[in-house]
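Structural description and commentary
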Amino acid sequence: MNILFINGSPERNGNTSKLAAELLRGKEYLTLQLTDYRINAYGQTLPGDQFDEVIAEMKKADTVVIGSPVYWHNICGSVRNLLDRCYGPVSSGAFSGKKLFFIFQGASPEEWMMEAGEYTMSRFAGLYGFEYCGMVYDRGSAAKLSGKL
């Protein structure tokens, strides 16, 4: 199984990464540090854009794990930008047959924030054909969802 972890946190070894390690314990996986890539905002055409490189890695994977810290009550900007950029260049159903897990963690997020993140990712998964396997928000949920890998 080919697993890709897309870390949206600027902290390479922060809590988002630690939860990914819990979820993926015992599995081999590739980590893509999203902040190492230049992904222009939706509608921009600027030189150096690396969106296609990230999408190519997602297409190679059987399972994609997208991780985001909770920033300003929502998904962090780097992950949001990636999701926004998919609209148009990525066809509906392009990731059919692949699994998607979402890691969403913060110091003390409120329930509505977690629900909004889960809604966004489940809708993203549905549009692009992923099987949405759920959201990891702490060690317990990571252990529970690891059985779906």
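Read on for a plain summary of the structure. (Residues numbered from 1 in each chain as written. Predicted model: local features only at pLDDT ≥ 70, side-chain atom pairs only at ≥ 80, totals over all residues. Heavy atoms only, no water.)

Section: the overall build of the protein chain
Going by this rule: A run of H or I in DSSP becomes a helix once it reaches four residues, and a run of E becomes a strand once it reaches two; helices and strands are each numbered from the N terminus. Throughout, radius of gyration means the C-alpha value; the globule benchmark is 2.2 Å times the number of residues raised to the power 0.38. Working definition: with a 1.4 Å probe on protein chains only, accessible area under 20% of the residue-type maximum means buried, over 50% means exposed, and in between means partly exposed. Contact definition: two residues touch when any of their heavy atoms are within 4.5 Å. In this description, accessible areas are obtained by the Shrake-Rupley approach with a 1.4 Å probe, and a residue is regarded as covered only by the protein chains that are shown. Residues scored as charged are limited to Lys and Arg (positive) and Asp and Glu (negative), so that His and the chain ends carry no count. Working definition for charges: the position is that of NZ of Lys, CZ of Arg, CG of Asp or CD of Glu.
Secondary structure assignment for the protein chain yields five helices and six strands. Each helix and strand of the protein chain, ordered N terminal to C terminal, gives the series β-α-β-α-β-β-α-β-α-β-α. The C-alpha atoms of the protein chain give a radius of gyration of 14 Å, which matches the 15 Å a tight globule of 149 residues would have. Burial status across the protein chain gives 45% buried among its 149 residues. Contacts in the protein chain between residues at least 24 apart in sequence constitute 78% of all its contacts with a sequence separation of at least 6. Entry remark: accessible area of the protein chain is about 7700 Å², with carbon and sulfur atoms responsible for 48%. Taken together, the 15 basic and 16 acidic charged side chains of the protein chain have centroids lying 4 Å from each other.

Points about the side chain of Q33
Along the chain, the position of Q33 falls in strand β2 (residues 30-33). You can call Q33 buried: its relative accessible area is 12%. If we skip the residues at most four places from it in the chain, Q33 touches N7, S9 and R12.

Focus: the nonpolar core
In plain terms, the rule: Grouping buried Ala, Val, Leu, Ile, Met, Phe, Trp, Tyr and Cys residues that are joined through side-chain atoms within 4.5 Å yields what is termed a nonpolar core.
I6, M58, L82, F124 and F130 are the most contacted members of the largest nonpolar core, which has 32 residues in total. Ranked by residues supplied to this core, first place goes to helix α4 (residues 111-128) with six residues. Discounting residues that sit within four places of it in the chain, I6 has contacts with L32, L34, M58, V64, V65, I66, G67 and L82.

Quick notes on a nonpolar patch on the surface
What counts here: For patch building, the residue pool is restricted to those with more than 30% relative accessible area and no salt bridge; the joining distance is 9 Å between like charges and 5 Å between nonpolar side chains (Val, Leu, Ile, Met, Phe, Trp, Tyr). Criterion for a salt bridge: a side-chain nitrogen of Lys or Arg within 4 Å of a carboxyl oxygen of Asp or Glu.
A surface patch of nonpolar side chains, about 350 Å² in accessible area, is lined by Y42, Y87 and L127. Judged by its relative accessible area of 38%, L127 is partly exposed.

Let's talk about the pairing of strand β6 (residues 131-136)
Keep this limit in mind: Two strands make a pair as long as DSSP finds a minimum of two bridges between them. Seen with its strands pointing away from the viewer, a crossover is right-handed if its path from the first strand over the helix to the second goes clockwise.
Here strand β5 (residues 99-105) runs beside β6; their pairing, made up of five bridges, is parallel. Counterpart to F102 in the pairing with β6 is M135. Each parallel crossover has a hand, and the one from β5 via α4 to β6 is right-handed.

Side note on the pattern of salt bridges
Summed over all chains, the structure comprises five salt bridges. Salt-bridge contacts for R25 lead to E22; the nearest nitrogen and oxygen are separated by 2.6 Å. A relative accessible area of 56% means that R25 is categorised as exposed.

Things to note about the packing of helix α2 (residues 51-60) against helix α3 (residues 77-86)
To keep things clear, this is the line we draw: Only C-alpha atoms enter the line fits that serve as axes; for helices the fit covers just the stretch in contact. Angles between N-to-C directions range over 0 to 180 degrees. Throughout this description, any angle smaller than 35 degrees is read as roughly parallel, any larger than 145 degrees as roughly antiparallel, any in the 65 to 115 degree range as roughly perpendicular, and the remainder as oblique. Lys, Arg, Asp and Glu make up the charged group, whereas Ala, Val, Leu, Ile, Met, Phe, Trp, Tyr, Cys and Pro make up the nonpolar group; the residues left over, Gly among them, are polar.
Direction vectors running N to C along α2 and α3 enclose 85°, while the axes themselves pass 11 Å from each other. Considering the angle they form, α2 stands roughly perpendicular to α3. On α3, the residues that touch F51, V54, I55 and M58 of α2 are L82, R85 and C86. Residue composition of the contact of α2 with α3, grouped by class: six nonpolar, no polar and one charged.

Here we look at the packing of aromatic side chains
The condition is simple: Two aromatic rings, drawn from Phe, Tyr or Trp (for Trp, its six-membered ring), form a pair once their centres lie within 6.5 Å of each other, and the interplanar angle then sorts them: stacked below 30 degrees, edge-to-face above 60, tilted otherwise. Distance and angle both matter: a charge sits over a ring if NZ of Lys or CZ of Arg is within 6 Å of the ring centre and within 35 degrees of the ring normal.
All chains considered together, the criterion is met by five aromatic pairs. Plain terms: the ring middles of Y42 and Y87 are 6.4 Å apart, the flat faces sit at 50° to each other, and that makes the pair tilted. With Y42 in the loop between β2 and α2 and Y87 in the loop between α3 and β5, the pair connects residues that are 45 residues apart, well separated along the chain. Taking relative accessible area as the criterion, Y42 reaches 49% and is therefore assigned partly exposed. Residue classification places Y87 among the exposed positions, given a relative accessible area of 55%. By the ring-pair criterion, three or more aromatic residues cluster together here, those being F95, F124, Y128 and F130. A cation sits over an aromatic face here: R85 above F51, 4.6 Å from the ring centre.

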